[in-house]
Amino acid sequence: MNDTTSGMTPIPVPDLLARLGEKEVPGHEPAWQLAWTAGTAAVRPLLRAMADADTERARSAVRALWNIVEHSTAPERKEVRAGVKLEITSVLETGASTVPVARELLWMLSIVGEDDAVANVARYLDHAELREDARCVLQRIPGSGATSALKAALKSASGDFASALADALRGRGETIREHPSVKKTPSRVTMVGKVG
């Protein structure tokens, strides 16, 4: 579905895709900045383009999708936001995305996600390379579902990740007595108090 709430003429999806990765010209708006006008119709093609072998095209597709995500948060664009969220969660459900693409999609859900996105994010709490991203995203999603997912993950977690999960829950107002905060642990030895 194309965006009709802006009063702007939506960029046709084929034009958007054809212009991905084009060199930016002064005074000429790059295609990715217009992606939001294409609405949800552009989401699935952009998701495919994010994995393009051409680095510039892939980078431009990521920017374009972020452009759509950020514009979908306007109150009058609830339908676009719902469509964006549906497309992103359906891709994450497959588990077939590369780590960099999945990471982008998880963070996009931190903006458009609600309780109905929690399960798709929580499944990545067991992923060695994406668990920290999933934890941070869940910390940003409002509602009891995200809190429950973080609590469930904490039961089987250990080490630094358990402490990070505990900190996330504390940030959501939960009282967690075990797993000391990693925020108060220096990351390296300092000379504070040792000079003189």
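Structure first, text after, so check above.
In this report, the structure presented in the accompanying data block is examined. Only a predicted model underlies this, so the values are computations on that prediction, with no experimental measurement involved. Within any chain, residue numbers begin from 1 and follow the written order of that chain's sequence. Confidence filtering applies because this is a predicted model: local features only for residues at pLDDT of at least 70, side-chain atom pairs given and counted only at 80 or more, and all residues used for totals across whole chains, interfaces and linings. As a convention, hydrogens and water are excluded, and side-chain values are obtained from all of the structure's heavy atoms.

**Quick notes on the overall build of the protein**
Along the protein, the regular secondary structure elements total nine helices and zero strands. Note on exposure labels: buried denotes an accessible area under 20% of the residue type's maximum, exposed denotes more than 50%, and partly exposed covers the range between, all computed with a 1.4 Å probe on protein chains only. Evaluated residue by residue, the protein yields a buried proportion of 43% over its 196 residues. Whether two residues touch is decided by their heavy atoms; if any such pair falls within 4.5 Å, the residues are in contact. Across the protein, every contact between residues at least 6 apart in sequence was considered, and the portion connecting residues at least 24 apart equals 60%. Total accessible area on the protein stands at roughly 10800 Å², and carbon and sulfur atoms take up 53% of it. Here a helix means four or more residues in a row that DSSP labels H or I, a strand means two or more in a row labelled E, and each is numbered from the N terminus. What sets the accessible areas is the Shrake-Rupley method with a 1.4 Å probe; for residues, cover comes only from the shown protein chains.

**Regarding the environment of Arg170**
Relative to the assigned elements, Arg170 resides in helix 9 (residues 159–171). The sequence separation of Arg170 and Gln139 amounts to 31 residues, and the corresponding C-alpha distance is 9.9 Å.

**Some points on the packing of helix 8 (residues 144–156) against helix 9**
For the pair helix 8 and helix 9, the least separation of the axes is 9 Å and the interaxial angle reads 155°. For the element pair helix 8 / helix 9, the angle class is roughly antiparallel. In terms of crossing hand, the pair formed by helix 8 and helix 9 is left-handed. Only Ala162, Leu165, Ala166, Ala168 and Leu169 of helix 9 make contact with helix 8, whose side of the interface consists of Thr147, Leu150, Lys151, Ala153 and Leu154. An axis is simply a line fitted to the C-alpha atoms; with a helix, the fit covers only the stretch in contact. Between two such axes, the angle follows the N-to-C directions and lies from 0 to 180 degrees. Note on angle classes: values under 35 degrees are labelled roughly parallel, values over 145 roughly antiparallel, values of 65 to 115 roughly perpendicular, and the remainder oblique. Crossing handedness is read from the near helix: turned anticlockwise from the far helix by less than a right angle, it gives a left-handed crossing, and turned clockwise, a right-handed one.

Remember, this is a structural readout, not a statement about activity or role.
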